[in-house]
Amino acid sequence: MELNKRQQQIIDIVKHNGPITGEHIADRLDLTRATLRPDLAILTMSGILEARPRVGYYYTNKSQNKIIADELKKYHVREYASHPIIIKNGMSIYDAICTIFMEDVSTLFIINEKGDFVGVCSRKDLLRASMMGEDIHTTPVDIIMTRMPNLSYISMDDKVIYAAQLMIEKEIDSLPIVQQKENGNLEIKGRISKTTITKLFVSLFKE
Ligand code: ADP
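Bear in mind the structure is a predicted one, so any value in this text is a computation, not a measurement. (Residues numbered from 1 in each chain as written. Predicted model: local features only at pLDDT ≥ 70, side-chain atom pairs only at ≥ 80, totals over all residues. Heavy atoms only, no water.)

Engineer: Account for the site of the ligand, with residues named and values stated.
Structural biologist: What surrounds the ligand is a group of 14 residues, the closest being Ser 122, Asp 125, Thr 146, Ser 152 and Asp 173. A distance of 3.0 Å separates an oxygen atom of the ligand from a polar atom in the backbone of Lys 124. At 2.9 Å from an oxygen atom of the ligand is found a main-chain nitrogen or oxygen belonging to Asp 173. With the chains in place, 86% of the 540 Å² that the ligand exposes on its own is no longer accessible. (Near = heavy atom within 4 Å. Polar contact = N/O pair within 3.5 Å; in protein donor to acceptor, adjacent residues only side chain to side chain. Areas by Shrake-Rupley, 256 points an atom, 1.4 Å probe, with all protein chains shown as cover.)

Engineer: A description of helix α1 (residues 5-17) should follow, citing residues and the corresponding values.
Structural biologist: Taking 1.5 Å as the rise per residue, α1 with 13 residues should run 18 Å; its terminal C-alpha atoms sit 18 Å apart, in good agreement. Restricting attention to buried positions, one finds in α1 the residues Gln 7, Ile 10, Ile 11, Ile 13 and Val 14. Down the axis of α1, the sector holding all buried residues measures 165°, keeping them to one side. Away from its buried face, by an angle of more than 90 degrees, α1 presents the exposed residues Lys 5 and His 16. Contacts made by the buried residues of α1 are with α2 (22-29), α3 (33-45), β1 (49-52) and β2 (56-59). (Helix = DSSP H or I, 4+ residues; strand = E, 2+ residues; numbered from the N terminus. Expected span 1.5 Å × (residues − 1). Buried < 20%, exposed > 50% of the residue type's maximum accessible area, 1.4 Å probe, protein only. Arc of directions from axis to C-beta. Contact = heavy atoms within 4.5 Å.)

Shown next as structure tokens:
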């Protein structure tokens, strides 16, 4: 966040004199309290200053990175879950390719006949199978999918920042959001992708 000259002056005053009231900051800058109101609002909303009723403003000593990190930690996967595209394990590679085009996603999640999450198939997995000369009309996706114990997934209660870290660490573009069934198997409830994270990031700056 880029601060203007007046906001920077306010920070300096609060750093050296805080806690200090809005009136006193205004006096030091030879301005009215009303003129300062928008700047003080920006500085408190961004977390650089904090305001205590009847005490005044004080400097939080948080770096801008820490402020952004604290902000990101507030978001849960539940609020950003998108619709998962799920296919059955017997589907042919050809049909999986058609699904990926029609649904405009990068990854398909695969379930078995009981509805349990059993695999993931990405664009590159499908491309690789086609290039290797698999008979894409008869070979089912189970042959080429990534399966347990190599699957990465998250739950609705996880933080978005954890999902982002997992996608970076595993070098994957999306994650299924799952819920554990009573028998311990996993049911797919949603999806989060790198695009979701990018949208959240952009929305933070719009705010
Ligand atoms: P692409 O390969 O199309 O660029 P990804 O980067 O998401 O897409 O996938 C890379 C590899 O990781 C693929 O082999 C895919 O099967 C696998 N993969 C994708 N998502 C997951 C996941 N959630 N858990 C385990 N493996 C995954």
